[in-house]
Each structure stands twice: as C-alpha cells, then as structure tokens.
Amino acid sequence: MRTPSPQLPSLFTVAFRAIFLSRRQFHADARKLQRRLKRMRAGLIDPNSKAMIRWDALLIFAMLYTTFITPTELAFVRTPSADALFVCNQIINLVFWIDLFMQFCIPIKNKKDGRTIRSHQRIAWVYATSWFPVDLLSVLPIDVFDVAGVFTRNATSRSNRQFVRIMRLLRLFKLLKLLRILRVSRVFSRLETRFALTYTTNEAVKYLLVISIALHWFACAYAMLALFSLSEPRTPELLEAVAQRQSEVGSDVCSGCSIDDAWNSPQCEQDCLTSCEIELLAGLNGVSQSLIANREHWMCRAKASGQITQDWDQEGFEVYVFCFVVAVGQLSGGAISIAPMNISENILFIIALLIGSVIMAVVQGVICGIVTIGDPHYIEHRQNTDQLNFLMDDMG
C-alpha cells in the first residue's frame, strides 16, 4: 500500500509566513533600535527644546546682569555687605553653576564632520579641554570672600595705609565674573538655529550692545581709578608736619591727619588731602602746590573745583553720570570735563581712546553697510524706478 505524499504548502501560505516573519523581525529590530536610542539619549538635554529656549533667555539675562552690575559694584560700592545686591549676586551665581553642569549633558557638533556628539564621555572631554576652566573661574564665590572680609581683614589695624590699599586691590578678582560673557557666543549659536534673524537686525543689536557695554565699562574704570589708587601721599614726615602745625595754629586752621591720630580716624580715612596737607607736603618735597594737587586722583580735583559734591563717595549716581560723560568723550574722541593728570589716568585714557576709536570706526562701517544693503527689496525698487525713468527719458 502506497503512503500518500505530503501536501506542499500553497504559494499564498509561503508568502503569508514570509511577510509575517519579516514583520515580526522588523518590529523586534525597531524595538531594539528604540532601546538603543533611549540609552544614548539618557541624561542628555535637547538644545532645541522649549525648556532650553527658556533657559537660554534666563542665561542671557544673567550675563547682562553680570556685564553691567559687576563693574558698577566694584566702582561705587566701597564697603560690601550682605544686602539685597549680595543676594542677587548669589542667585545669578547659582544660575551659572547650574549651566556649568548642564554643559556636560548638551550634545555638541563635531567641527570636522558636522555630526552630533551624544556620548557623555566625549562631551565631557571636549568641554573639559575647552570652556570648562573659563566657566569655573567665572563662578568662584568671590562675593562671599569679599563680604566675609577676607580681602580687608585686619587691614585697618595695621600701621601702614599702603597695606590697606593693596588689600583693597584684591577686590578686583571680582572681574573674573566678566568671563561669563564669553558664554554669549554659545548661547547665540543655539538661538540662531531657532530664530531667523536678518543680517540687519543681528548686526544692529550686536553693535548697540557693544557701544553700551563699552561706555559703561569706561565709566566704571574711570571711577575705579579713585577707589583703587595705590599712591599714599600721607608720609610719616607729613603726619609729623601736620601735628606740629596743629600745635601751633590749632586743628581748626590746619585740618588733616596727624601722627597723633588713629589710622581709622575720619580725618585719616579721607582719600583727598586737605589744603593744609597740600601746602605742607609741597614744602617738604620742594615742589609747587599745583603739582601735589594734580598728583591726586581725579575725584579729588573735581571736588576741589566744585564739579562734584564734597561727599562724592556717597553720591554714586552723580559720580556715575560724570564718569559716563567722560566715557562718551573717550569713545567719540570729543572734549572731556576732566583732563588726565597722573600716570594711571594717562594710561587709561590712551587705552580708552584707542579702543573707542576702533569701536566707532567699526560701528560706522556697519551703519553704512546697513543703510546701503539693509533692505534689498527697497534698493531693487529704487533701481527699477531709475531704469524706468531712464527708459521714459530715452523714449522722449
């Protein structure tokens, strides 16, 4: 008896099994790819997300705050304290600390092939070898050290006022916070990929900020010349001469710091010399009183000439407006109300005039370019109108 041969599957059955198996394999591969992508994106921040846009806006505000407030604080706040400004500085510092750690989680572009780097190890290595040292210096808690008195501790108990002035210079370490401005290039590079800004708008905003920052920095630097002056005209010989003159005519006639006064007394804490001290110091050095007066910083000369109030260290806004007028003159090359009289002022004026002339030349070139090619449609319309007028003139 013959055994029946096995029945072969139909073509439809074979095709169905192939499609079914291929779909199952496809779904399995897709799930595997999704798990792989999820592992790759774990702990990464999408630079194009809405949350990142809001964070960049906050970061720009924090950079503008640092750009304008930090020089103002150094130039016009003589005695730092734990006030509202200190609290605001710590909040801004916290924002930059958070941004520092976020940089380890933001994918970056490979400059060689343009591919996106998503590996945490490679992102950390690129950041650690490029911007990390700069960002770390900019977030050091210098404000906390300053308020705690680290820069001026035991300075008033020393018998040498030169030591007090040198310790005051350590406050300039706060300028390290201005390194945060270097982050603006990274933030703007992310914003350019999200918003379509025209060349005219981009250049106008950029150079408006450049001029504003330059004027503000020049004004603050001019004010810092008085606060961080290292020259100490009150020599021991002058203190003895003042004490001798006061014993002869009285302290009402000859006011000033004598050798019998404490170093933290009001008459000795004044930065400017009195008329009696100028007269005595000129006699000790064998020079004119005008030379001694001109050797003092510009605020003393402005106070003596009546251009600012006697309590100039208490009138910060008035002094800032005065310095801002000087900064405008430095940037534009115009006349200024106070001429430089000593070495530090001459050096600052030379640097400010050179930088200001370069900035003004660049800004004028940009303005001419914006006016010339700022609106191509309007320029094309004018050219077409001119051609039409020429055509009508030729046709009579």
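Summarised in this report is the structure supplied together with it.

Cut-offs applied
Residues numbered from 1 in each chain as written. Predicted model: local features only at pLDDT ≥ 70, side-chain atom pairs only at ≥ 80, totals over all residues. Heavy atoms only, no water. Helix = DSSP H or I, 4+ residues; strand = E, 2+ residues; numbered from the N terminus. Buried < 20%, exposed > 50% of the residue type's maximum accessible area, 1.4 Å probe, protein only. Contact = heavy atoms within 4.5 Å. Patch = residues over 30% accessible without salt bridge, like charges linked within 9 Å, V, L, I, M, F, W, Y side chains within 5 Å. Areas by Shrake-Rupley, 256 points an atom, 1.4 Å probe, with all protein chains shown as cover. Salt bridge = Lys/Arg side-chain N within 4 Å of Asp/Glu carboxyl O. Core = buried A, V, L, I, M, F, W, Y, C linked by side-chain atoms within 4.5 Å. 1 Å grid on protein atoms, 1.4 Å probe; cavity = no way out; pocket = protein on both sides within 12 Å on 5 of 7 lines; lining within 4 Å. Points joined across faces, edges and corners; volume = space filled by probe spheres on them. Nonpolar A, V, L, I, M, F, W, Y, C, P; charged D, E, K, R; others polar. Disulfide = S-S within 2.5 Å.

**Let's talk about the overall build of the chain**
When helices and strands are counted, the chain shows 17 helices and two strands. Within the span of the chain, comprising 396 residues, buried residues form 32% of the whole. Contacts in the chain between residues at least 24 apart in sequence constitute 71% of all its contacts with a sequence separation of at least 6.

**Focus on a nonpolar patch on the surface**
Taken together, the side chains of Ile 343, Ile 347, Ile 351 and Ile 355 present a nonpolar region at the surface, about 380 Å² in accessible area. Looking at the secondary structure, you find Ile 355 in helix α16 (residues 343-373). Note on Ile 355: relative accessible area 39%, which makes it partly exposed.

**Some details on the nonpolar core**
By size, the foremost hydrophobic cluster in this structure holds 34 residues, and its most contacted members are Tyr 222, Trp 298, Met 299 and Cys 323. When contributions to this core are tallied by element, the ones reaching two or more residues are α2 (50-76), α9 (199-227), α14 (298-304), α15 (316-332) and α16. Sort the elements by how many residues they give to this core and α9 lands first, with 12 residues. Those residues in contact with Tyr 222, other than ones at most four positions away along the chain, are Trp 298, Cys 323, Val 326, Ile 338, Leu 348 and Phe 349. Met 63, Met 102, Ile 106 and Tyr 127 belong to the second-largest nonpolar core, a separate cluster that totals 15 residues.

**With respect to empty space enclosed by the protein**
One pass over the structure, following the stated rule, counts two cavities of 30 Å³ or more. The calculated volume of the second largest cavity comes to roughly 70 Å³. Looking at the second largest cavity, the residues that line it are Glu 73, Val 77, Pro 80, Ser 81, Asp 83, Leu 85, Phe 86, Asn 89, Asp 143, Val 147 and Lys 174. Elements represented by at least two residues in the lining of the second largest cavity include exactly α3 (84-102) and α6 (142-147). At three residues, the largest contribution of residues to the lining of the second largest cavity is made by α3. Per-class residue counts for the lining of the second largest cavity are five nonpolar, two polar and four charged.

**Comments concerning helix α12 (residues 275-285)**
Looking at α12, one finds that the buried residues are Cys 276, Glu 277, Ile 278, Leu 280, Leu 281 and Ala 282. Buried residues belonging to α12 abut α10 (236-249) and α13 (289-295).

**Focus: the state of the cysteines**
This model, assessed by the stated rule, comprises two disulfides. Across the disulfide from Cys 254 sits Cys 276; the S-S distance is 1.8 Å. Measuring the twist about the S-S bond at about -75°, one finds the Cys 254-Cys 276 disulfide to be left-handed. Placement of the pair is Cys 254 in the loop between α10 and α11 (266-269) and Cys 276 in helix α12, with a sequence separation of 22 residues. When sorted by exposure, Cys 254 lands in the same class as Cys 276, which is buried. Here Cys 272 pairs with Cys 300 through a disulfide, and the sulfurs are 1.9 Å apart. Taking the sign of the S-S torsion, about -90° here, the bridge from Cys 272 to Cys 300 comes out left-handed. Placement of the pair is Cys 272 in the loop between α11 and α12 and Cys 300 in helix α14, with a sequence separation of 28 residues. Exposure class is identical for Cys 272 and Cys 300. Each is buried. The cysteine Cys 220 is free of any disulfide, with Cys 323 supplying the nearest cysteine sulfur at 8.0 Å. Among the residues examined, Cys 220 registers a relative accessible area of 1% and is labelled buried. With relative accessibility at 0%, the residue Cys 323 sits in the buried group.

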